[in-house]
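For reference, the chains in residue letters:
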2 protein chains.
Amino acid sequence: MALHRIGRSTILLPGRPRIAAGAAIAGKKEGEGPLRSDFDAIIEDDLFGEESWEKAESRFQYAAADACLKKAGLTPEQIDAALGGDLLNQIMAASMAVRELHIPFLGLYGACSTMAESLCIAAMLVDGGYLRHALCTASSHFCSAERQYRFPLEYGCQRPPTAQWTVTGAGASLVTGDDRLPALCRCTHVTIGRIVDMAVKDANNMGAAMAPAAADTLMRHMADTGRTAADYDLIISGDLGRVGHDVLLALMQERGQPLDPARYTDCGLEIFTPAQDVHCGGSGCGCSAVVFNGHILRRFREGSLRRVLFMATGALLSPTTSQQGESIPGIAHAIALEADT
Amino acid sequence: MALHRIGRSTILLPGRPRIAAGAAIAGKKEGEGPLRSDFDAIIEDDLFGEESWEKAESRFQYAAADACLKKAGLTPEQIDAALGGDLLNQIMAASMAVRELHIPFLGLYGACSTMAESLCIAAMLVDGGYLRHALCTASSHFCSAERQYRFPLEYGCQRPPTAQWTVTGAGASLVTGDDRLPALCRCTHVTIGRIVDMAVKDANNMGAAMAPAAADTLMRHMADTGRTAADYDLIISGDLGRVGHDVLLALMQERGQPLDPARYTDCGLEIFTPAQDVHCGGSGCGCSAVVFNGHILRRFREGSLRRVLFMATGALLSPTTSQQGESIPGIAHAIALEADT
């Protein structure tokens, strides 16, 4: 079979599948940040009318999927598959959200890289004609993530300066091969992440744990495509936060592919202002999901971005691995996007 | 883009990607069962030389991947992506196994359907030329699963008659588009599962929770392809166990597409004998993973199977959803396989 490949490990999408719609549903704190006008809805109630934070998170993911479908003018019956995940054990937020849609479902786990993982897989499957319409979703919730990964909120644990703030929110994108639908942007290349583990063990410093994986993916993407940072209007990483952002800048400098700080940013830095007291910035699957589907797609729509590399990062830790003394494996998946014309 | 579709929701794989190799690494109890001669290795030590059951499970998954690559005559560097998962929180067994291989990694969560989910996605991506060589992996471990989902083993909880026994083991398959490699079998169709939830809440009766999802996938597969059960030498579900197996037979009878009990079986019934005191049979990602990669691929190699529908089932519950009173969403992904010539 002919291989759609450029370089050693970057995948070409000859059909340039389109992202026809995206939706971002954000929590209260996220709605007080600089991107507030990019979100489809801001939910003031942390519980979103549900009885638990986990169910609330699922409601966020469902609301994002529902809003995305409405914006694309499609019904759930028209969607060939949903690809999604979240940070919770057994990705219950995604499963419970998709249960209500009754769509064929491919569950993913990529920690905070999930939005990029789902876009990468969906773009390939749509490009190849295996799916016509694919719905990509991801979510996180500050309250469910804290008690999942760290401490119950009620414990009132003090957060170290390297900590990030898990975003409450969900995003959804509609990837399609149907040329009757509009193209906010086109998917052109996929670079699948490798696991890189530099022996960081601090679950409150995930930026440092993930940055080497982001550097690995970026270096491979650039070597494969012959591109440099200057070929992108924007390279945006998932949720490295302040520490990881700076580590990635240093790593890329060291490896001879420096990033231009004016055209490289991180979703975790975009979503909050320092005044919001989030220490190193936002994190969680929902962070890159709402920044991508709210902010980045809006800028494509307005024409202020022409070519973007979206690279969400994930820290593949679990509370059990942390307790067993394991270090934190990082991963970063990248998808290159271009304006339609 | 041309759509590779037959019927409403079944995906055709025109290039018929091949499964070139499979490996199954099983635990002690599984090695005492009827399939013992089908496994590549039987590990007597539950801990596999590691310090925890979780790390042991990861070691099983690594060993299966390693054995599969050796059988295919490939090195990790030649693999374009690994697609895998397991039952543990944040799929740590898969992540830690792939970390050692340094292969691009797509993490999946499909509960016990993971082996089929990974084969379905890999078969599409290989068929489309997005990956040349894809490595699919899945694992489970009795001890890590019990403490993850139910009770710590030390508690000595009595198991109800509907309970199944989580298989300790891991499987790996190599899906490839390289026609220089042998074809144990070819992948011809994929039917992605939908979430079906019939409000079963008993985490000790997962067969009943999953059987309606299996019926949904089977009915769609048959309607789409125009096939009936008689078109398959074998239809094998993932891990419905005795209760789920019988529920599926009844549901298919009721819906006018009866299964022939002589040519329908369940991985959970094949792996143990009733004398092994496993109540309703085996379960876990590892169950369908070792039965598929050990037993089914061996029978393809020997020519005693010509056409098989492999349909692993998953119960998308988490301990948190159970504690919050949620019912158990089920899912089943199916992949149709044919002998090479």
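Presented here is a report on the structure given in the accompanying data block.

What counts and how
Residues numbered from 1 in each chain as written. Chains lettered and ligands numbered in written order. Predicted model: local features only at pLDDT ≥ 70, side-chain atom pairs only at ≥ 80, totals over all residues. Heavy atoms only, no water. Salt bridge = Lys/Arg side-chain N within 4 Å of Asp/Glu carboxyl O. Helix = DSSP H or I, 4+ residues; strand = E, 2+ residues; numbered from the N terminus. Buried < 20%, exposed > 50% of the residue type's maximum accessible area, 1.4 Å probe, protein only. Least-squares fit on C-alpha atoms with pLDDT ≥ 70 in both. Contact = heavy atoms within 4.5 Å. Axes fitted to C-alpha atoms, helices over the stretch in contact; angles between N-to-C directions. Parallel < 35°, antiparallel > 145°, perpendicular 65-115°, else oblique.

1. Thoughts on the pattern of salt bridges
Here's step 1: On inspection of all chains with the given rule, the structure shows 44 salt bridges over all chains.
Here's step 2: Across the salt bridge formed by Arg5 of chain A and Asp80 of chain B, the nearest N and O atoms sit 3.1 Å from each other. Of this pair, Arg5 of chain A sits in strand β1 (residues 5-6) while Asp80 of chain B sits in the loop between α2 (53-72) and β5 (81-86), each in a different chain. Across the pair, exposure class does not vary: Arg5 of chain A and Asp80 of chain B are buried alike.
Here's step 3: Residue Glu146 of chain B is joined to Arg159 of chain B by a salt bridge in which the shortest nitrogen-to-oxygen separation is 3.9 Å. Here Glu146 of chain B, found in helix α5 (residues 142-149), pairs with Arg159 of chain B, found in the loop between α5 and β8 (165-166); they are 13 residues apart in sequence, far enough to count as distant.
Here's step 4: A single network of salt bridges, built from pairs that share partners, joins Arg16, Arg227, Arg307 and Glu338 of chain A.

2. Considering the relation of the copies chain B and chain A
Here's step 1: Take chain B, turn it by 180 degrees, move it 0.0 Å along the axis, and it overlays chain A with an RMSD of 0.0 Å. What the rotation and shift describe, once combined, is the action of a two-fold rotation axis. Across chain B, the smallest distance between a C-alpha and the rotation axis is recorded for Leu108 of chain B, namely 2.1 Å.
Here's step 2: Mapped onto chain A, 100% of the interface residues of chain B again fall at the interface, so both copies present the same surface.

3. A short note on the packing of helix α4 (residues 114-127) of chain B against helix α9 (residues 285-302) of chain B
All names here are of chain B.
Here's step 1: Two elements in contact, α4 and α9, have axes separated by 7 Å at closest approach and are oriented at 60 degrees. Classified by the angle between their axes, α4 and α9 sit oblique to one another. Residues Thr114, Met115 and Leu119 of α4 touch α9, and the partners they reach there are Cys285, Ser288, Ala289, Phe292 and Asn293.

4. Describing unusual backbone geometry
Residues and elements named next belong to chain A.
Here's step 1: Here the phi dihedral of Gln90 falls at roughly 55 degrees; this positive angle occurs in a residue that is not glycine.
Here's step 2: Tracing the backbone shows Gln90 in the loop between β5 (81-86) and α3 (92-99).
Here's step 3: A residue is classified by how much of its surface remains accessible, and Gln90, at 2% relative accessible area, is buried.

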